[in-house]
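Now for the letters of each chain:
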Amino acid sequence: MVAMASWGRLGRWQHEVKPLRDRASVAATLSEGTPGIAYGMGRSYGDICLNPGGILWTTRALDCFIRFDQSRGILECEAGVLLKDIQRLFVPLGWMLPVTPGTQFVTVGGAVANDVHGKNHHGFGSFGDHVQQLTLVRTDGEKIKCGPGLKPEWFTATVGGMGLTGVITRVTLKLRPVDGPWMTVESIPYDNLNDFFELADDSEKDWEYTVSWIDCVSRNARRGIFLRGNHSRRQSSGSYAPRDIRLPLTPPVSLVNRFSLRPFNAAYFYLKKRRAGQELTHYQPFFYPLDRIVQWNRMYGPRGFYQYQCVIPPAHRREAMENILDETTRSNTGSFLAVLKTFGARCAPGLLSFPRPGVTLALDFPNRGDATLKLMNRLDLIVRAAGGRLYAAKDARMPRELFENGYPQHEEFLAYRDPGISSALSRRLLGS
Ligand SMILES: Cc1cc2nc3c(=O)[nH]c(=O)nc-3n(C[C@H](O)[C@H](O)[C@H](O)COP(=O)(O)OP(=O)(O)OC[C@H]3O[C@@H](n4cnc5c(N)ncnc54)[C@H](O)[C@@H]3O)c2cc1C
């Protein structure tokens, strides 16, 4: 047995870890025993990739590129390939992932299973929108090939299906063309939520990527920094080769606390405000601002942290966001990593995909036990009243009732579950 954790480091639990060594032997490994769940990079924050006391099928050894059609940007690869390796290999060839989350240390299988989103949802949707086909291996040995035009019912269950329909072994992706690695990025400070929404709505037409950091500690204003970016034809003569920064150890207490947050947020805001304007930026710091800080999750100390990410439909976006931010500020818990962005009016590809039209807010909270859980319970009430939902990839505690309300297609999904697959999250939210 091996102690395994997820990104939030809320605990380490014993698992029987079984590596999936190659595509050909996946079915045999799955038949050796159940219940299990696939584990990619464990970059999910909560319990979606954990199965305490049970089996974890680790997928990182499924890391082969199978085929690439350079004229059309169609890539077939195994599910344990990292987004980082796709970007590194294909950007120099003029192709890039059309949708990418805020870290590139994620496997293709994990990106499909959570149907991850990036900063360009209004134009490009979510990861599953760019999957042409995938192969699923079930614990009874059945292999299912599916895509939007091939057994689409299996495809819509598996995209965003939290690893519960089978183990994805290979994926065909459509990449998007780019002129190179450089982007035009503009940063604009704002002072209140109305300004944020105005900037987000006005930017959607001309800017592919939009996102914002918001200060949820300051009591007097909802200030933040809005970022918008486009791929650039201009190429910098410089190169991008930064050194990684390493946290030398896990501090005995969280470095993010009520004493550090206020000055830190204020300093961050004024520093960014001074440097507002347009610049040519490499795609890596724009898409993956924290990836250079190796194991930054350790800064929350030995008790770890929760991430709370919700999406609120357009009709209630202003009021619900105001209430969530007020509640957070009042709690004195605060969050440094507070990310606010809008989703476009697109229909998600998966039955349980998280993105839906509206605005999404992600907040990191150091784990202070009961106080943190109570705060999140209060936030749940606001999300529920506004008809919103929480993101399972970030979750470690959402109540079942909130999940069922937020994901009206959850019952339809059950028909596609693999009975040999279970996670801590599925037991909590789906009963098994
Ligand atoms: C710094 C940071 C920034 C992030 N930013 C974003 C963001 O902007 N947008 C966003 O959407 N997410 C974001 N995330 C979350 C992350 O993208 C997702 O949790 C992603 O799914 C993690 O992939 P993984 O390979 O680590 O999978 P894991 O966390 O190991 O597993 C995630 C789920 O995928 C399943 N799974 C993994 N591999 C397979 C497979 N081969 N077959 C079937 N199921 C499989 C697992 O069973 C589990 O249910 C961020 C995470 C971090 C740490």
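The model shown is predicted, which means the values in this text are computed figures rather than measured ones. (Residues numbered from 1 in each chain as written. Predicted model: local features only at pLDDT ≥ 70, side-chain atom pairs only at ≥ 80, totals over all residues. Heavy atoms only, no water.)

*Asks:* When you look at the overall build of the protein chain in this model, what are you seeing that I'm missing?
*Replies:* Scanning the protein chain from terminus to terminus reveals 13 helices and 21 strands. Expected size for 432 residues packed as a compact globule is a radius of gyration near 22 Å; at 21 Å, the protein chain falls within 12% of this value. Principal-axis analysis of the C-alpha atoms gives the protein chain an extent of 60 × 50 × 45 Å. When the 432 residues of the protein chain are sorted by exposure, 57% land in the buried category. Partitioning the contacts of the protein chain with sequence separation of at least 6, the portion at a separation of at least 24 is 73%. Of the accessible surface of the protein chain, which amounts to about 17900 Å², a share of 51% is contributed by carbon and sulfur atoms. If the 54 positive side-chain charges of the protein chain are averaged to one point and the 41 negative ones to another, these points end up 6 Å apart. (Helix = DSSP H or I, 4+ residues; strand = E, 2+ residues; numbered from the N terminus. Rg over C-alpha atoms; globule rule 2.2 N^0.38 Å. Buried < 20%, exposed > 50% of the residue type's maximum accessible area, 1.4 Å probe, protein only. Contact = heavy atoms within 4.5 Å. Areas by Shrake-Rupley, 256 points an atom, 1.4 Å probe, with all protein chains shown as cover. Lys, Arg positive; Asp, Glu negative; His and termini not counted. Charge placed at Lys NZ, Arg CZ, Asp CG, Glu CD.)

*Asks:* Can you walk me through helix H9 (residues 317-330) in this structure?
*Replies:* In an α-helix, one turn spans 3.6 residues; hence positions three or four apart end up facing the same way. For H9, spanning 14 residues, the distance from its first C-alpha to its last is 20 Å, which sits close to the expected 20 Å at 1.5 Å a residue. Residues Ala320, Met321, Ile324, Leu325, Glu327, Thr328 and Thr329 constitute the buried set of H9. The secondary structure elements touched by the buried residues of H9 are helix H6 (193-203), strand E13 (209-214), strand E18 (305-312), strand E19 (338-343), strand E20 (358-366) and helix H10 (370-385). Just downstream of H9 lies Asn332, where phi reads positive at about 60 degrees. (Expected span 1.5 Å × (residues − 1).)

*Asks:* Hey, could you run me through the site of the ligand in this one?
*Replies:* Not every one of the 35 residues close to the ligand is listed here, only the nearest: Ala38, Gly40, Ser44, Thr107 and Tyr391. Here an oxygen atom of the ligand sits 2.9 Å away from a polar atom, N or O, in the main chain of Gly42. Between Met162 and the ligand, the recorded distance is 2.9 Å, taken from a backbone N or O atom to an oxygen atom. When isolated, the ligand has an accessible area of 970 Å², and the protein chains bury 97% of it. (Near = heavy atom within 4 Å. Polar contact = N/O pair within 3.5 Å; in protein donor to acceptor, adjacent residues only side chain to side chain.)

*Asks:* Before we go on, may I ask you to explain the sheet that holds strand E8 (residues 131-137) in this structure?
*Replies:* Sheets are built from strands paired through backbone hydrogen bonds, the pairs being either parallel or antiparallel. Reading across from one edge, E5-E6-E10-E8-E9 is the order of the five strands in this open sheet, with antiparallel pairing throughout. The open sheet has two free edges, formed respectively by strand E5 (65-69) and strand E9 (143-146), since each of these has just one partner strand. Shown here is a sheet whose adjacent strand axes are inclined to one another by a mean of 10 degrees, direction ignored. Strand direction decides the pairing type here: E8 and strand E10 (residues 167-174), joined by six bridges, are antiparallel. Looking at the pairing, Val131 lines up with Leu173 of E10. Sheet strands touched by helix H2 (residues 83-90): E5, strand E6 (74-78) and E10. Its angle to E5, the strand with the most contacts, is close to 40 degrees. (Pairing = 2+ DSSP bridges. Axes fitted to C-alpha atoms, helices over the stretch in contact; angles between N-to-C directions.)

Fair warning: the whole summary comes from geometry, so function is off the table for now.
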